[in-house]
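Overview (structure and organization)
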Amino acid sequence: MPALDMSESAQILAIEDEESIRDMLTYSLERDGHQVIAVPNVTSAKKVLASSPIDLAIVDWMLPGGSGLEFVRAVRGKETTRALPVIMLTARTDEDDIAAGLDAGADDYVTKPFSPKELNSRIKALLRRSRDHLDSNSTLQVGPLQLNTQTHRAQCESLDIELGHTEFKLLRFFMENPERVFSRDQLLDHVWGHGTFIEERTVDVHILRLRKILKPAKADKMLQTVRGAGYRLSGKT
Ligand code: CA
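Residues numbered from 1 in each chain as written. Predicted model: local features only at pLDDT ≥ 70, side-chain atom pairs only at ≥ 80, totals over all residues. Heavy atoms only, no water.

With respect to the overall build of the chain
Condition: Helical segments are the DSSP runs of H or I of at least four residues, strand segments are the runs of E of at least two, and each set is numbered from the N terminus. A 1.4 Å probe rolled over the protein chains alone gives each residue an accessible area, and that area as a share of the maximum for its type sets the label: buried under 20%, exposed over 50%, partly exposed in between. Contacts are assigned to residue pairs that have any heavy atoms within 4.5 Å of one another. Using a 1.4 Å probe, accessible areas were evaluated by the Shrake-Rupley method; residue-level cover was limited to the displayed protein chains. Asp and Glu count as negative and Lys and Arg as positive, but His and the ends of the chain are not part of the count. We put the charge of a Lys on NZ, of an Arg on CZ, of an Asp on CG and of a Glu on CD.
Of the regular secondary structure elements, the chain holds eight helices and 11 strands. Over its C-alpha atoms, taken along the principal directions, the chain stretches across nearly 55 × 40 × 35 Å. Each of the 237 residues in the chain was classed as buried or not, and the buried ones make up 48%. Pairs at least 24 residues apart make up 60% of the contacts formed inside the chain by residues separated by at least 6 positions. For the chain, the accessible surface area stands at approximately 11,800 Å², while carbon and sulfur atoms represent 49% of it. The average position of the 31 basic charges and that of the 35 acidic charges among the side chains of the chain differ by 5 Å.

Structural notes on the nonpolar core
Selection rule: As used in this record, nonpolar core signifies buried Ala, Val, Leu, Ile, Met, Phe, Trp, Tyr and Cys residues forming a set joined through side-chain atoms within 4.5 Å. As annotated, the domain borders come from an automatic or database domain assignment.
Ranked by size, the top nonpolar core spans 54 residues in total, and within it Leu13, Phe71, Leu145, Leu171, Phe174 and Leu187 carry the most contacts. With six residues, helix α6 (residues 165-176) is the single largest residue contributor to this core. Viewed by domain, this core spans two of them, domain 1 (10-134) and domain 2 (136-233), each represented by three or more residues. Not counting residues up to four positions away in its chain, the partners in contact with Leu145 are Leu140, Gln155, Cys156, Ile161, Leu171, Met175, Leu214, Ala219 and Met222. Ranked by size, the runner-up nonpolar core spans 17 residues in total, among them Leu25, Leu29, Ile87 and Ile123.

Details of the pairing of strand β11 (residues 230-233)
Our working definition: Note: two strands are recorded as paired if DSSP finds a minimum of 2 bridges between them.
Here strand β10 (residues 223-226) runs beside β11; their pairing, made up of four bridges, is antiparallel. Across the sheet, Leu223 pairs through a bridge with Leu233, a residue of β11. Adjacent in sequence and paired antiparallel, β10 and β11 are bridged by three residues, among which Gly228 carries a positive phi angle near 75°.

Points about unusual backbone geometry
Among all residues except glycine, the phi angle is most often negative; among peptide bonds, the trans geometry is most common. Pro113 follows Lys112 through a cis peptide bond whose omega is -5°. Considering the arrangement of structural elements, one finds Pro113 in the loop between β5 (108-111) and α5 (116-135). One non-glycine residue, Ser158, lies in the positive phi region at around 60°. Note that Ser158 resides in the loop between β8 (153-156) and β9 (159-161).

Describing the sheet that holds strand β7 (residues 145-148)
So the rule is basically this: Where helices are involved, their axes are fitted lines through C-alpha atoms of the stretch in contact, as for all axes, and angles between N-to-C directions lie from 0 to 180°.
The strand order β6-β7-β8-β9 describes an open sheet built from four strands, whose pairing is antiparallel. Single-partner strands in this sheet number two, and they are β6 (139-142) and β9. Across the sheet, the axes of successive neighbouring strands diverge by a mean angle of 20°, strand direction being ignored. The pairing of β7 with β8 spans four bridges and is classified as antiparallel. Bridge pairing in β8 links Asn148 to Arg153. Packed on one face of the sheet, α6 meets β6, β7 and β8 and runs near 120° to β7.

Focus on the coordination of the calcium ion
Octahedral six-donor coordination of a metal ideally yields angles of 90 or 180 degrees, compared with 109.5 degrees for tetrahedral four-donor coordination. Applicable threshold: Distances decide who is a donor: an N, O or S atom must be within 2.8 Å of the metal, or within 3.2 Å for Na, K and Ca. Water is not included, so sites may look incomplete.
Coordination sphere of the calcium ion, protein contribution only: Asp17 (OD), Asp60 (OD) and Met62 (O), at 2.1 to 2.5 Å. Donor residues binding the calcium ion come from one chain and are separated in sequence as D-x42-D-x1-M. Of this pair, Asp17 sits in the loop between β1 (11-15) and α1 (19-31) while Met62 sits in the loop between β3 (56-60) and α3 (68-77), and the two are 45 residues apart along the sequence.

What to know about the packing of aromatic side chains
For clarity, the threshold we go by: Between the rings of Phe, Tyr and Trp (Trp by its six-membered ring), a pair exists once the centres lie within 6.5 Å; its type follows the angle of the planes, with under 30 degrees stacked, over 60 edge-to-face, and the other angles tilted.
A complete count under the given rule lists three aromatic pairs for this structure. Between Phe174 and Phe182, the aromatic rings sit 6.4 Å apart at their centres with planes inclined by 65°, giving edge-to-face as the arrangement. Comparing Phe174 with Phe182 shows no difference in burial state: the two are buried. Each member of the aromatic cluster is reached from another via a ring pair, and the members are Phe173, Phe174 and Phe182.

Concerning the packing of α3 against helix α4 (residues 95-104)
Keep this limit in mind: Angles are sorted into four bins: roughly parallel if under 35 degrees, roughly antiparallel if over 145, roughly perpendicular if 65 to 115, and oblique for all others. Gly counts as polar in this scheme, as do all residues outside two lists: the nonpolar Ala, Val, Leu, Ile, Met, Phe, Trp, Tyr, Cys and Pro, and the charged Asp, Glu, Lys and Arg.
The N-to-C vectors of α3 and α4 enclose an angle of 20°; their axes lie 9 Å apart at closest approach. When the axes of α3 and α4 are compared, the pair comes out roughly parallel. Residue-level inspection shows Leu69, Val72, Arg73 and Arg76 of α3 in contact with α4, the latter providing Ala100, Gly101 and Ala104. Here the residues of the contact of α3 with α4 sort into four nonpolar, one polar and two charged.

Comments concerning the environment of Thr139
You can see Thr139 is positioned in strand β6. With a relative accessible area of 38%, Thr139 lands in the partly exposed category. Distance in space between the C-alpha atoms of Thr139 and Arg172 is 10.0 Å, their sequence separation being 33 residues. For Thr139, the contacting residues outside a window of four places in its chain are Leu147 and Asn148.

Next comes the structure, spelled out in structure tokens:
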């Protein structure tokens, strides 16, 4: 058995109402070197989140007394947990449900039945991404547009811009790579994580939303359509 890489161990909150899956999660995550707090419902999860430092949450989609989706929304709505990496567990393969989950603020998803190995590699990738972002400078700037990656708030010409989770991730990616053109497919890979169930038109929907959000600050023209190629964020407008 290979030695555990403790640098990638994390304190993980797992929310799952089915006891057998909860036990299986705890067992496999602990085997991978993580510390696990596993709870059966959203109420307990909120208590854990308020009292323990959590690095990542795994949330079942279908939970009694408040869905996983509501939990994710609550996490994203609070300043202290806004940047918490969240993976959704879902039995559903319906594209709309997964899109809704990602839209509400889940960073990635794994469909049941899942392999512990796949889940662990998703966890690793997500922790790496979030640690990179925590380490990096928290303010990005392109032209007059500023984005604080800790508070998820944007500003342009001293006007505040409120962002939804997906719009935040999309804008962050563009601002990390200004002036570069990305195809829909590339954006799906980089922003949504992996594009198995998400259609390319989802990208267009979020680009339109992001433009709408940027419009009052007159920054919508920075997000440009490049015919036949994709989209780019440009500071030269
Ligand atoms: Ca369930």
